[in-house]
Amino acid sequence: MNTHEKPLRQAAVAVVGAGFAGLSAARALMAAGVDVVVLEARDRVGGRSFTRPASDGTLIDLGGQWIGPTQDRLAALAEAVGVTTFHTYNEGHNIEYRNGQRVTYAGAIPMGDPLVTMEVVETILSLSMMASEVPLDAPWTAPAADEWDSQTVASWIMQNVQSAEVRDTLSLAVQAVFSCEPRDLSLLHFLFYIHSGGNLNQLVGVVGGAQERRFHGGSQSIANKVAHELGERVVLNAPVHTITQNDEGVLIECDTLAIMAQQAIIAIPPALAGRLRYRPALPGYRDQLTQRMPMGTVIKVHCLYETPFWRAEGLSGQVVSYDGIIRVTYDNSPESGKPGVLLAFIEGDEGRTWGRRSLEERRAAALACLARYFGEQAAHPFEYIEQNWAEEEYTRGCYAGIMPPGGWISYGEALRAPIGRLHWAGTETATVWNGYLDGAIQSGERAAAEVLDTLHHVAT
Ligand SMILES: Cc1cc2nc3c(=O)[nH]c(=O)nc-3n(C[C@H](O)[C@H](O)[C@H](O)COP(=O)(O)OP(=O)(O)OC[C@H]3O[C@@H](n4cnc5c(N)ncnc54)[C@H](O)[C@@H]3O)c2cc1C
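Thresholds, definitions, all that
- Residues numbered from 1 in each chain as written.
- Predicted model: local features only at pLDDT ≥ 70, side-chain atom pairs only at ≥ 80, totals over all residues.
- Heavy atoms only, no water.
- Phe/Tyr/Trp six-rings, centres within 6.5 Å; stacked < 30°, edge-to-face > 60°.
- Helix = DSSP H or I, 4+ residues; strand = E, 2+ residues; numbered from the N terminus.
- Buried < 20%, exposed > 50% of the residue type's maximum accessible area, 1.4 Å probe, protein only.
- Axes fitted to C-alpha atoms, helices over the stretch in contact; angles between N-to-C directions.
- Parallel < 35°, antiparallel > 145°, perpendicular 65-115°, else oblique.
- Contact = heavy atoms within 4.5 Å.
- Nonpolar A, V, L, I, M, F, W, Y, C, P; charged D, E, K, R; others polar.
- Near = heavy atom within 4 Å.
- Polar contact = N/O pair within 3.5 Å; in protein donor to acceptor, adjacent residues only side chain to side chain.
- Areas by Shrake-Rupley, 256 points an atom, 1.4 Å probe, with all protein chains shown as cover.
- Lys, Arg positive; Asp, Glu negative; His and termini not counted.
- Salt bridge = Lys/Arg side-chain N within 4 Å of Asp/Glu carboxyl O.
- Expected span 1.5 Å × (residues − 1).
- Disulfide = S-S within 2.5 Å.
- pLDDT = per-residue confidence, 0-100.
- Core = buried A, V, L, I, M, F, W, Y, C linked by side-chain atoms within 4.5 Å.

Caption draft 1: Summary view of the packing of aromatic side chains. Across all of its chains, the model carries 16 aromatic pairs by this definition. With a centroid separation of 4.5 Å and 45° between ring planes, the pair formed by Phe-178 and Tyr-193 is classed as tilted. Placement of Phe-178 in helix α6 (residues 164–178) and of Tyr-193 in helix α7 (residues 187–196) is noted, with a sequence separation of 15 residues between them. The class of Tyr-193 is buried, set by a relative accessible area of 3%. An aromatic cluster of at least three residues, connected via ring pairs, comprises Phe-178, Phe-190, Tyr-193, Trp-433 and Tyr-436.

Caption draft 2: How the structure looks around the packing of helix α2 (residues 72–81) against helix α16 (residues 437–459). Packing of α2 against α16 leaves a shortest axis separation of 7 Å and a crossing angle of 80°. In this view, α2 runs roughly perpendicular relative to α16, as classed from their interaxial angle. For the pair α2 and α16, contact is made by Asp-72, Arg-73, Leu-74 and Leu-77 and by Leu-437, Asp-438, Ile-441, Gln-442 and Glu-445, respectively. Counted by class, the contact of α2 with α16 contains four nonpolar, one polar and four charged residues.

Caption draft 3: Quick peek at the site of the ligand. As a structural note, the neighbourhood of the ligand is formed by 36 residues, with Glu-40, Arg-48, Trp-66, Cys-398 and Thr-427 the closest of them. Interatomic distance of 2.8 Å between a backbone N/O atom of Gly-435 and an oxygen atom of the ligand. For the ligand, whose unbound accessible area comes to 1,000 Å², protein coverage reaches 98%. When contributions to the shell around the ligand are tallied by element, the ones reaching two or more residues are α1 (20–31) and α16. Per-class residue counts for the shell around the ligand are 22 nonpolar, 10 polar and four charged.

Caption draft 4: Just the side chain of Lys-300, in detail. By the secondary structure assignment, Lys-300 is in strand β17 (residues 298–305). Comment: no salt bridge for buried Lys-300; closest opposite-charge side chain is Asp-61, at 6.0 Å. Among the polar contacts made by the side chain of Lys-300, one reaches the side chain of Gln-65 at a distance of 2.9 Å. When sequence neighbours within four positions are dropped, the list of residues in contact with Lys-300 reads Asp-61, Leu-62, Gly-63, Gln-65, Leu-343, Ala-344, Phe-345, Ile-385, Glu-386 and Gln-387.

Caption draft 5: Local environment of helix α14 (residues 359–374). The end-to-end C-alpha separation of α14 is 22 Å, in line with the 22 Å expected for 16 residues at 1.5 Å each. Taken residue by residue, α14 has Arg-362, Ala-365, Ala-366, Leu-367, Cys-369, Leu-370, Ala-371, Tyr-373 and Phe-374 as its buried positions. Positioned one or two residues after α14, Gly-375 has a phi angle of 95°, which is positive.

Caption draft 6: Representation of the state of the cysteines. All chains considered together, the criterion is met by zero disulfides. In this structure Cys-303 is a free cysteine whose sulfur lies 11 Å from that of Cys-369, the closest cysteine sulfur available.

Caption draft 7: Main features of the confidence of the model for the protein. Summarising the model, the protein shows a mean pLDDT of 96, and 99% of its residues fall at 70 or more. Taking the mean pLDDT of every element in the protein, the minimum, 92, falls on helix α8 (residues 200–204) and the maximum, 99, on α1.

Caption draft 8: Expanded view of the nonpolar core. Within the largest apolar cluster, 41 residues are counted, with the highest numbers of intra-cluster contacts made by Trp-148, Phe-178 and Phe-190. When contributions to this core are tallied by element, the ones reaching two or more residues are α3 (114–131), α4 (145–148), α5 (153–160), α6, α7, α8 and α15 (407–411). With seven residues, the single largest contributor to this core is α7. Setting aside anything within four residues of it in sequence, one finds Phe-190 in contact with Leu-127, Val-153, Val-174, Phe-178, Leu-185 and Leu-200. Core analysis: the next-biggest nonpolar cluster, separate from the first, contains 35 residues, Val-81, Ala-223, Leu-230 and Ala-425 among them.

See the structure below:
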């Protein structure tokens, strides 16, 4: 293979991408005594986990940040590298904003019209029962897979949910969990995801849910510590563009470096994996999978204030709103409570629309929304920070790749199936906590086990 005079490094295994998936794969391989190199496009590790200081030094998680119960792999990795957690602020009343009306409420859902509350509970129950029928390692084999993968969440809502309020609530849940719209999402994928994370309450909840705790030092500190353990095995500023495999091995090429390895783990989202050049070209079946897993759209916004002034008013900082650029917020202050930090998400259609406008316009619209929820003080943060993940060349959207209708039943088997020397990782390939940091770790560890198995067979 011709490497065009680039420095050529040898390794048993090359990993593409130093997010939680790639780093976990490399960590497992290093522990097994395997010579591994990780190529990372960015000048940092962590991928969709990205922590940076605000102007006053407060550490801000611009990407993934929370950990909840049953995310055992993430808990174990954090503990192994010495990163501790603290509880998400969850005291006081939440705010609901609907049709220009602002109401505060205690508990997980507002208890308004009892008929509406009953329909919410019934809908969550039927979705949970359907979700439990989706096999996590093969969603396309669910008894009703054909029916569920032939419709969107939007069409299911239209046919199965009576009240406008409950329809809106489910749509908001989709925007908050997937950062896309109900019309984008296969019902089968929605159900798979619910099962993968436990249940719908666990996906959207704080106490007992996926938003329960945060990491001291931010989630990226875990990735940084793993990268430190890996040392020179991690190469930054190395965007891979071409992967060539033949009888000799697999050649992974960046502009400035090439790695010759026996096996490779591609630990990037399917949408990005489909943009690499493969020689020989990948089977059409695999390529067509990557044509069908778009990323969601989210802009994560942080507003910093001298104090979390909403706490003094008995508010938790949590909002659910049915209109406006900002529909979901949390109190994201540091554990010390100083400064006060409001976290606000611009998701799905709002992200698509507002992502094309100027920062000034977006900031003004976001602050106007926060002022509606929390009063005029919210319109005057001392700092406004945002991260638009669709604009990131090496991510192109968040929180994760999703399946539109037909994706699982037609292409699901291609998601993890190795092709020659190539193995696939990344949170999109996880069976448990798919789309989350925990799922990324599971995928990396699974791909490392696959590779170890292959290397073992070759050696014996
Ligand atoms: C705003 C936001 C909030 C989130 N909130 C949470 C949360 O609270 N809790 C949670 O558990 N999860 C959350 N997530 C999801 C979580 O961050 C992801 O599931 C997880 O980080 C994915 O890890 P990964 O390793 O699979 O992929 P990535 O993190 O995307 O890693 C892929 C890596 O590959 C690199 N790369 C890409 N292309 C190339 C190339 N050609 N060559 C070399 N390297 C390449 C990228 O730079 C990146 O470092 C959130 C995500 C976002 C964006």
